[in-house]
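Structure at a glance
Each chain, letter by letter, is given below.
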Amino acid sequence: MSNYHKLESKTVQELKDLANKLRIHSITSTNVTKSGHPTTCASMAEIMSVLFFHTMRYKVSEPRDASSDRFILSKGHAAPILYAAWAEAGLFPTSDLMNLRKIDSDLEGHPTPRLNFIDVGTGSLGQGLSIACGMAYVGKYIDKASYRVYCLLGDGESAEGSVWEAMNFASYYKLDNLCMIIDVNRLGQSEPTSLGHNMETYRKRADAFGFNSLVIDGHDIEEVAKAFHEAASTKDRPTCLLAKTLKGKGFPDIEDKEKWHGTVLGAKSDAVIAHVQKQIKNTGAALLKPQKPLKDDAPAVNLTVKLSSPPAYKLGDAIATREAYGTALVKIGKNNPRVIALDGDTKNSTFSEKLKLENAAQYIECFIAEQNLVGVGIGAACRNRVISFVSTFATFFTRAFDQIRMGAISQTNCNFVGSHCGVSIGEDGPSQMALEDLAMFRSIPTATVFYPSDAVSTERAIELAANTTGITFTRTSRPKSAVIYSNDETFQVGKAKIVKKSDKDQVLLIGAAVTLYEALKAADVLAKSGIHARVMDPFTIKPIDVEAIVKNAKECGGRIVTVEDHYPEGGIGEAVMSAVAEHRDIVVRKLAVPRVPRSGPSDVLLDMFGISANHIVKAVQDVLKL
């Protein structure tokens, strides 16, 4: 190992003292709130001490500085010791730790970016490493900067498949600026973990995934510091530190005992604190403070973006919206090199490969591992280094719903694009048909949901998404559809478009993409029998254009028919019904896919499952009888 110098005994003792101070803070803060996880904090105290006061480079005055090392606490229930480390580093008074979990405090039970030293929310286990991979990828290949990324996991969460998806990604991309640490303290929440302290099995697994794996005594300051040095010296491989620790380390009668997970020490606190306090040799203010100067080499970034050229289509051109997404990606990528696309081996179907073919440096292949795909996208977007567009078949985002949900808690600006929605994809069958995706993304509190119907609106949706705060989801379709908007048409979030209108309209039809075209067909059929229908394209399903829906519905006699290539629950129909719920004399008839569909030609499926023009005509006739 190159250039490693053994720590001076004075430094070792100071780091030991800091570890024990962190233990005491974890006890006292959880005691005040009468909840928390002091024993899981105790097992990682030496790791945190070495990381924050010897190894990591960061600015206390600016915790999210672009050039600072990153730290992700994947085992988010150990938040008290993370807060204690930042307090001891001088970011805020240690007395503030007594506000843990209080309603008016941002020191929440698990970390969230309400705090200026937290990048992402954690606590739903198994997600931190994917986020760290996104950060590390950007650091190595896009920023090309010196900062390193550290991610601390619990041994229990290593049972999550998403952890191994992330390890596969890290190894494949040779993320030598990434160091994962597994706190192997043997005990889970309700019983011992599956491997306990079988460190050799952990090592073999990490080795098999291509990591530089190091088994260490997680309570030995010298071993921990030496391992972090080796990690920083290792090239072309990420490092996995497998730290053998004890839950409740240093707590008499509690250390390595079951039934203490998530339990405050209560009546035992005074005796335990007294015991830990005796281990501290330096009682004054001379303890180590953050330390190494960081290399300020992360470039300045501007994340404003627009299409490099406007849409260029002819009215009536048949273009799939998924293909227009790829075109839009190329355009915003040309305009700003900080636009990146991530995909899960579906790039030739989602058309994200267009950006890869234009500039491979702006594309990340994440392979068939959608939980990791989403996590990497969220991690890449941290600290506003890039604009992430994450694409796959829309239905496959359902397996990463927890990552997306946590993305909202993390205040992420990450853009998701799902293709192959609904029965309109045809013969591939129901396993490939997204019929729940609108409901899923509408339930995310920070999400904006785009559902463009033609190539022009798709390009503008992607441009808007790139500049929208929070999570965005754009639903694209497999079938080709006619261009209905002029190239200079303007689009806004939350503003619908009326695509067919007369002064005699008796009903408002609302559809998107394939069902918008079915609505237009139905309107033509109805016109032949003297029934006039107005047709609306909502453009965004969240926020839905409440004002336009109510106004147009009233002009059409208070009658609405919605039609969507989605299950009835949570989609366009329910969004429209919510929009008009407080308005009198408006009736809504909702057409949607009523049951699990099957394989077949697209037009046959639309008719079989009740969302074709024929069914819209009948629904209008029924509504007019009310």
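The name an unreviewed UniProt entry assigns to the chain is transketolase, from the organism Thrips palmi. Under the UniProt heading Sequence similarities (unreviewed entry), the entry covering the chain gives this text: "Belongs to the transketolase family." For the chain, the Subunit (unreviewed entry) comment in UniProt is given as "Homodimer."

For the largest pocket, the calculated volume is near 300 Å³. Along the wall of the largest pocket there are 18 residues; nearest its centre are V514, E518, K521, S602 and L606. Of the residues that constitute the lining of the largest pocket, the class distribution is six nonpolar, seven polar and five charged. Two domains each put at least three residues into the lining of the largest pocket: domain 2 (317-483) and domain 3 (497-624).

Right, let's get into the nonpolar core. Ranked by size, the top nonpolar core spans 86 residues in total, and within it L129, F416 and I560 carry the most contacts. Those residues in contact with I560 that lie beyond four places of it in its chain are V507, L508, I510, I549, A553, V576, V580, I586, V587, V588 and R589. Core analysis: the next-biggest nonpolar cluster, separate from the first, contains 51 residues, L18, L22, A84 and V224 among them.

Two strands in a sheet stick together by hydrogen bonds in their backbones, pointing the same way (parallel) or opposite ways (antiparallel). The five strands are arranged β14-β16-β15-β18-β19 in an open sheet whose pairing can be described as mixed. On the outer flanks of this sheet lie β14 (497-500) and β19 (587-591), each paired with one strand and no other. With strand direction ignored, the average angle separating the axes of adjacent strands in the sheet is 25°. Pairing between strand β18 (residues 559-563) and β19: five bridges, direction parallel. Bridge assignment links T562 to a residue of β19, and that residue is K590. Sheet strands in contact with helix α18 (residues 546-555) are β14, β15 (507-510), β16 (533-537) and β18, and its direction is about 175° off that of β16. On top of the sheet, helix α19 (residues 572-580) reaches β15, β18 and β19; it is set at about 170° to β19, its chief contact.

Attention now moves to the packing of helix α1 (residues 9-33) against helix α4 (residues 79-89). Running from N to C, α1 and α4 cross one another at 125°; their axes reach a closest spacing of 9 Å. By the angle between their axes, α1 is oblique relative to α4. In this structure, α1 meets α4 at a crossing whose hand is right-handed. Between α1 and α4, the residues in contact are L18, K21, L22, H25, S26, S29 and T30 and P80, I81, A84, A85 and E88, respectively.

Before going further, it helps to spend a moment on the pattern of salt bridges. Summed over the entire model, instances satisfying the criterion amount to 32 salt bridges. A cluster of three or more residues bridged by salt bridges with shared partners is formed by D505, R534, K551 and E555.

Right, let's talk about empty space enclosed by the protein for a bit. Here the structure, examined in full by the defined rule, presents five cavities of 30 Å³ or more. There is about 170 Å³ of room inside the largest cavity. For the largest cavity, the lining is made up of 18 residues, of which F71, I72, F117, I118 and D119 are closest to its centre. Looking at the lining of the largest cavity, the elements that each hand over two or more residues are β1 (70-73) and α4. Element by element, the count of residues in the lining of the largest cavity is highest for β1, at three residues.

Before going further, it helps to spend a moment on the domain arrangement of the chain. Domain annotation of the chain identifies domain 1 (9-278), domain 2 (317-483) and domain 3 (497-624). Using C-alpha coordinates to define each centre, domain 1 is positioned 52 Å away from domain 3.

Applying the stated criterion to the full structure yields 24 aromatic pairs. Judged by centre distance (5.0 Å) and plane angle (55°), the rings of W164 and F209 are tilted. Here W164, found in helix α6 (residues 161-172), pairs with F209, found in the loop between α7 (199-208) and β4 (212-217); they are 45 residues apart in sequence, far enough to count as distant. The interplanar angle of 75° and the centroid separation of 5.5 Å between the aromatic rings of F397 and F416 together place this pair among those described as edge-to-face. Of the two residues, F397 is situated in the loop between β9 (387-393) and α14 (401-409) and F416 in strand β10 (residues 414-419); the sequence distance between them amounts to 19 residues. For F397, a relative accessible area of 0% puts it in the buried group. Judged by relative accessible area, F416 falls into the buried class, the value being 0%. Above the plane of the ring of Y147 lies R70, whose end atom (NZ or CZ) is 3.6 Å from the centre. If you follow K497 out to its NZ or CZ, it ends over the ring of F491, 5.0 Å from the centre.

With that settled, the discussion passes to the sheet that holds β1. Here five strands make up an open sheet; going across it, the order is β1-β2-β3-β5-β4 and the pairing parallel. The sheet terminates laterally at β1 and β4, the two strands that pair on one side only. Pairs of neighbouring strands in the sheet enclose a mean axial angle of 20°, with direction left out of account. Relative to strand β3 (residues 178-184), strand β2 (residues 149-154) runs parallel, the two sharing six bridges. Among the inter-strand pairings, G154 is bridged to a residue of β3, identified as D183. In this fold helix α3 (residues 45-55) packs onto β1, β2, β3 and β5 (239-244), with an angle of close to 170° to the strand it touches most, β2.

Moving on: the packing of α3 against helix α8 (residues 221-233). In contact at an axis separation of 10 Å, α3 and α8 are set at 55° when each is read in the N-to-C sense. Considering the angle they form, α3 stands oblique to α8. In the crossing of α3 with α8, the sense of the turn from one axis to the other is right-handed. Touching E46, I47, V50, L51, H54 and T55 of α3 are I221, V224, A225 and F228, all from α8. Its residues assigned to classes, the contact of α3 with α8 comprises seven nonpolar, two polar and one charged.

Looking now at the pairing of β15. Burial along β15 is two-sided: V507 and L509 and L508 and I510, pointing in opposite directions, are all buried. In terms of strand pairing, β15 meets β16 through four bridges, oriented parallel. Following the sheet pairing, L509 is matched in β16 by V535. Each parallel crossover has a hand, and the one from β15 via helix α17 (residues 514-528) to β16 is right-handed. One ladder, built from three bridges, connects β15 with β18; its direction is parallel. Across the sheet, the residue bridging to L509 is V561, located in β18.

All of the buried residues along α19 are I572, G573, A575, V576, A579 and V580. Relative to the axis of α19, the buried residues are bounded by an arc of 165° and lie together on one face. The inward-facing, buried residues of α19 abut α15 (437-442), β15, β17 (540-542), α18, β18 and β19.

Analysis parameters
- Residues numbered from 1 in each chain as written.
- Predicted model: local features only at pLDDT ≥ 70, side-chain atom pairs only at ≥ 80, totals over all residues.
- Heavy atoms only, no water.
- UniProt positions renumbered as here; feature names shortened; annotations may be inferred.
- 1 Å grid on protein atoms, 1.4 Å probe; cavity = no way out; pocket = protein on both sides within 12 Å on 5 of 7 lines; lining within 4 Å.
- Points joined across faces, edges and corners; volume = space filled by probe spheres on them.
- Nonpolar A, V, L, I, M, F, W, Y, C, P; charged D, E, K, R; others polar.
- Domains from an automatic or database assignment.
- Core = buried A, V, L, I, M, F, W, Y, C linked by side-chain atoms within 4.5 Å.
- Buried < 20%, exposed > 50% of the residue type's maximum accessible area, 1.4 Å probe, protein only.
- Contact = heavy atoms within 4.5 Å.
- Pairing = 2+ DSSP bridges.
- Helix = DSSP H or I, 4+ residues; strand = E, 2+ residues; numbered from the N terminus.
- Axes fitted to C-alpha atoms, helices over the stretch in contact; angles between N-to-C directions.
- Parallel < 35°, antiparallel > 145°, perpendicular 65-115°, else oblique.
- Left-handed = near helix turned anticlockwise from the far one by under 90°.
- Salt bridge = Lys/Arg side-chain N within 4 Å of Asp/Glu carboxyl O.
- Phe/Tyr/Trp six-rings, centres within 6.5 Å; stacked < 30°, edge-to-face > 60°.
- Lys NZ or Arg CZ within 6 Å of the ring centre and 35° of its normal.
- Right-handed = clockwise from strand over helix to strand, strands pointing away.
- Arc of directions from axis to C-beta.

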